[in-house]
Amino acid sequence: VYDATGCHSADLLTAGLHGTATNPATKWHRLSTQFPDANKDQAIRAYLDKRTEILFARRYSPGSRFTSAINEVFNSAGRYGTGIMYVSTRRDGRNLFECRPLSECVFAENDEGEVDTVMREFQWTVRQCIMEWGIEGVSDKVRDLWAANKPDEQVCVVHSVRPRKDRDPSKKNAGNMPYASIYFEQATAWKLEESGYPKFPYAVFRWAKRPGETYGTGPGSVALPDVKMLQA
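Parameters and conventions
Residues numbered from 1 in each chain as written. Predicted model: local features only at pLDDT ≥ 70, side-chain atom pairs only at ≥ 80, totals over all residues. Heavy atoms only, no water. Helix = DSSP H or I, 4+ residues; strand = E, 2+ residues; numbered from the N terminus. Buried < 20%, exposed > 50% of the residue type's maximum accessible area, 1.4 Å probe, protein only. Contact = heavy atoms within 4.5 Å. Areas by Shrake-Rupley, 256 points an atom, 1.4 Å probe, with all protein chains shown as cover. Lys, Arg positive; Asp, Glu negative; His and termini not counted. Charge placed at Lys NZ, Arg CZ, Asp CG, Glu CD. Axes fitted to C-alpha atoms, helices over the stretch in contact; angles between N-to-C directions. Left-handed = near helix turned anticlockwise from the far one by under 90°. Nonpolar A, V, L, I, M, F, W, Y, C, P; charged D, E, K, R; others polar. Expected span 1.5 Å × (residues − 1). Core = buried A, V, L, I, M, F, W, Y, C linked by side-chain atoms within 4.5 Å.

> Report on the overall build of the protein, specifying residues and quantitative values.
Along the backbone of the protein there are seven helices and eight strands. By its C-alpha atoms, the protein is 60 × 60 × 40 Å across when sized along the principal axes. When burial is assessed residue by residue, the protein has 33% of its 232 residues classed as buried. Long-range pairs, those at least 24 residues apart, make up 57% of the contacts in the protein with a sequence separation of at least 6. As displayed, the protein offers around 14400 Å² of accessible surface, 54% of which is attributable to carbon and sulfur atoms. Separation of charge centres in the protein, based on 31 positive and 29 negative side chains, amounts to 5 Å.

What follows is the structure in structure tokens.
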């Protein structure tokens, strides 16, 4: 890179979005009902305002990583047109927000144009896999690597999240959640874990989308010819 104008511009756009749309020093959203008259009721308003405070407290609690995650999502959306955030829960019950690299993910829409399926392929070490799923939960190949004292060898893992069709709505266990979650090793197809989510855990931000497209386009796409010309 000989001219950093494009890089600086992308960072300025990210900072501008973060500072105006999701400024942590302000209450940048409020809860309300779909009924205008109910929103005017003082008791209902007080209840919704209290819930808004709880949401912000959880979102910005230590360790939630929301601030860094939303900054990375804005950066990805500005450069590539699409940003992907994964919302999960820590072992201690706190929320955890993570921006997923676009290079790791593919996603699909349902019949209403909403993203309801995400497949993510990522690399973990043998040690990380055993820490997460235990020595009995991984494949023979990973066990052999661990036994051979190769804890830092890379393992390709795929995480699939999609709507679960075959489920019993009356049951609330992980195997009957509306969205299926399956982890498996890419090389061996060994199923590491199967569970579920009550709600779709990914928030996929697309800057702009043309009819018939699934992935977004952003300012980076428009600026790319000028950026290349500056390098030349």
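There's plenty left to go through after this.
> How would you summarise the packing of helix H5 (residues 126–133) against helix H6 (residues 140–147) if you had to cite specific residues and measurements?
Relative orientation of the contacting elements H5 and H6 amounts to 115°, with a least axis distance of 10 Å. In this structure, the crossing between H5 and H6 has a hand that is left-handed. Each of Val126, Arg127 and Ile130 in H5 lies in contact with H6, whose residues at this interface are Val142, Leu145 and Trp146. Considered class by class, the residues forming the contact of H5 with H6 number five nonpolar, no polar and one charged.

> Quick one: what's the story with helix H4 (residues 66–80), residue by residue and with numbers?
For H4, built from 15 residues, the straight-helix expectation of 21 Å at 1.5 Å per residue is met to within 8% by its first-to-last C-alpha distance of 21 Å. Within H4, burial applies to Phe66, Ala69, Ile70, Val73, Phe74, Asn75, Ser76, Ala77 and Gly78. In this structure, the buried side of H4 is in contact with helix H1 (5–21), helix H3 (42–59), strand E1 (82–89), strand E2 (95–100), strand E8 (202–206) and helix H7 (219–231). At the C-terminal side of H4, Gly81 shows a positive phi close to 95°.

> Describe the environment of Val204, and please don't skip the residues or the numbers.
Of note, Val204 is situated in strand E8. When the C-alpha atoms of Val204 and Ala15 are compared, they prove to be 19 Å apart, with 189 residues separating the residues in sequence. When sequence neighbours within four positions are dropped, the list of residues in contact with Val204 reads Thr82, Gly83, Ile84, Phe107 and Val115.

> Go over the nonpolar core with me, naming the residues and quoting the values.
If you look at the biggest cluster of nonpolar residues, it comprises 23 residues, and the most contacted ones within it are Val118, Trp133, Val138, Val157, Tyr183 and Tyr202. If you list the elements that add at least two residues to this core, you get E1, strand E3 (105–109), strand E4 (115–125), H5, H6, strand E5 (154–163), strand E7 (191–197) and E8. Considering every element that reaches this core, the biggest residue donor is H5, with four residues. When residues no more than four places from it in sequence are discounted, the contact partners of Tyr202 are Ile84, Met85, Tyr86, Arg100, Val118, Arg120, His159 and Val161. Among the nonpolar cores identified, the runner-up in size contains eight residues, and Ala69, Ile70, Phe97 and Cys99 belong to it.

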